[in-house]
Amino acid sequence: MQTFVSKLPDVGTTIFTVMSQLAAEHNAVNLGQGFPDFPMDSQLTDLVNKAMKNGFNQYVHMNGLMQLRERIAEKAQRLYNSNINPDTDITITPGGTYAIYTALTTILQPGDEVIVFEPSYDSYVPNVKINGGVPVYISLQYPDYSIPWDKVKSKITARTRAIIINSPHNPTGSVLHEQDMQQLQDIVRGTNILIVSDEVYEHLIFDDLPHMSVLRYPELLERSFVCFSFGKTYHCTGWKLGYCISSPQLMAEFRKVHQFNSFSCNTPMQVAIAEFLQYPEAYLSLGKFLQHKRDYFQQLMQQTPFKPLASHGSYFQCYSYAHLSNESDRDFAIRLTREAGVATIPVSVFYHNEKDDKVLRFCFAKKASTLEKAVDKLKNAVISRV
């Protein structure tokens, strides 16, 4: 038998797979995994079909279709007054998660420290560890999940290589504000610290709040990899298409890693999205569209004993059950799936130490009938177990 040493010995099957499988076994409504169950814009799918029929089926440029990169640069200028060079500053990637992984692989050397805010999207820490980095954990402040900037300052060392930020935030729906970006800018000024900014929910922001993209801050952008997702923007998570924006020097290094991994991304979809980006209303209306779903879900959930926590963006809203049960959030989520027929995600899985505030994450990016069915099950279930 061969000896094999795992690079990720502590990593098993993700909670998303576990809960989705459990949902299928019990015929539960799946409000766990973050994907829409409603159709995407038929105009965009028609454009993909048109691109394939027109022969756009071979490799596109390693950095991405130039027309698409040009449209992204125009969008960045329009939304954030950011001057992005489509030739040197943008690379199209097979999804936002890939962009994050490639950014960390580009910059990390063994022993480098990376500040990670928890609860955190589940790929961050494995990405850091597989590249020999050391995650430095900082808990966001419950219940609003804001960043404790004094703690960030205290965690900075000579080995700090990067800080990962995420707004709108998965799993909590919190967002960064102007004062957060100023604090971040002040902390990294005069250092060699780089920023990886996960902005895949860029347009899914609510309550008339502005998205505080790193692209708004030239000083930060110079040291940042800013990662985006077309899948989240156009309700097509299965397309696995996104992009990264950075400064020319950093992007040149990013592309060295990219060229030996995926090298190139799906051609007809790039052609289609480049054309579809001519219709900005499709992404500008997204915030109101998802906010309506959040508000409707909140209204429905008033029929249940769960207590909502604030959500200002993303596909998600967290709800507390601390007054209902002493069970761990993992046990409670499993019982809810089996007995109530509704699958969620326990928020403790987004912490390295499984910090348990008795909170579940619900995905509201679903058809109204799906949300209604889920809440109908919840309100009729025996949930309390104190």
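What counts and how
- Residues numbered from 1 in each chain as written.
- Predicted model: local features only at pLDDT ≥ 70, side-chain atom pairs only at ≥ 80, totals over all residues.
- Heavy atoms only, no water.
- Pairing = 2+ DSSP bridges.
- Helix = DSSP H or I, 4+ residues; strand = E, 2+ residues; numbered from the N terminus.
- Axes fitted to C-alpha atoms, helices over the stretch in contact; angles between N-to-C directions.
- Left-handed = near helix turned anticlockwise from the far one by under 90°.
- Contact = heavy atoms within 4.5 Å.
- Nonpolar A, V, L, I, M, F, W, Y, C, P; charged D, E, K, R; others polar.
- Buried < 20%, exposed > 50% of the residue type's maximum accessible area, 1.4 Å probe, protein only.
- Polar contact = N/O pair within 3.5 Å; in protein donor to acceptor, adjacent residues only side chain to side chain.
- Right-handed = clockwise from strand over helix to strand, strands pointing away.

Draft legend 1. The arrangement of the sheet that holds strand 13 (residues 359-363) in detail. Read across the open sheet, the four strands follow the order 9-10-13-12; overall the sheet is antiparallel. A strand with exactly one partner marks an edge of an open sheet, and here the two such strands are strand 9 (307-308) and strand 12 (345-346). Pairing of strand 10 (residues 316-320) with strand 13, which is carried by five bridges, proceeds in the antiparallel orientation. Note on strand 13: the bridge partner recorded for serine 320 is valine 359.

Draft legend 2. Structural detail: the packing of helix 3 (residues 66-80) against helix 11 (residues 267-276). The N-to-C vectors of helix 3 and helix 11 enclose an angle of 35°; their axes lie 8 Å apart at closest approach. Considering only the axes of helix 3 and helix 11, their crossing is left-handed. Counting all contacts with helix 3, which are made through Gln67, Leu68 and Arg71, the residues of helix 11 involved are Gln270, Ile273, Ala274 and Glu275. In the contact of helix 3 with helix 11, the residues fall into three nonpolar, two polar and two charged.

Draft legend 3. Structural view of the side chain of threonine 233. Its place among the elements puts threonine 233 in helix 9 (residues 230-233). On the basis of relative accessible area, threonine 233 is assigned to the buried category, the value being 7%. Separated by 3.0 Å, the side chain of threonine 233 and the backbone oxygen of serine 229 make a polar contact. Excluding anything up to four places from it in sequence, threonine 233 contacts His203, Tyr283 and Leu286.

Draft legend 4. View of unusual backbone geometry. In this model, glutamate 118 is joined to proline 119 through a cis peptide bond whose omega is 5°. At the junction of tyrosine 142 and proline 143, the peptide bond is cis and its omega measures out at 10° in the coordinates. If you trace the backbone, proline 143 turns up in the loop between strand 4 (134-139) and helix 6 (149-155). Unusually for a residue other than glycine, lysine 240 sits at a positive phi of about 50°. Mapped onto the elements, lysine 240 comes out in the loop between helix 9 and strand 8 (242-246). Residue classification places lysine 240 among the partly exposed positions, given a relative accessible area of 42%.

Draft legend 5. Expanded view of the environment of valine 152. Relative to the helices and strands, valine 152 resides in helix 6. Residue classification places valine 152 among the buried residues on the basis of a relative accessible area of 0%. With 121 residues separating them in the primary sequence, valine 152 and isoleucine 273 have C-alpha atoms 38 Å apart. The contacts of valine 152, once residues within four sequence positions are left out, are Ile115, Phe117, Ile138, Ile147 and Ile187.

Draft legend 6. Quick look at helix 14 (residues 329-340). Among the residues of helix 14, those classed as buried are Asp329, Phe332, Ala333, Arg335, Leu336, Thr337 and Ala340. Contact partners of the buried residues in helix 14: helix 1 (15-25), strand 11 (342-343), strand 12, strand 13 and helix 15 (368-379).

Draft legend 7. Molecular detail of the pairing of strand 6 (residues 194-198). A large share of strand 6 lies buried, amounting to five of its five residues. Across the two faces of strand 6 the burial is the same, with Leu194, Val196 and Asp198 and Ile195 and Ser197 all buried. Pairing of strand 5 (residues 160-166) with strand 6 involves five bridges; the strand directions are parallel. If you follow alanine 162 over to strand 6, its bridge partner there is leucine 194. Since strand 5 and strand 6 lie parallel, the crossover through helix 7 (residues 178-188) that links them has a hand, and here it is right-handed. Bridging between strand 6 and strand 7 (residues 224-229) involves four bridges; their strand directions are parallel. Note on strand 7: the bridge partner recorded for serine 197 is valine 226.

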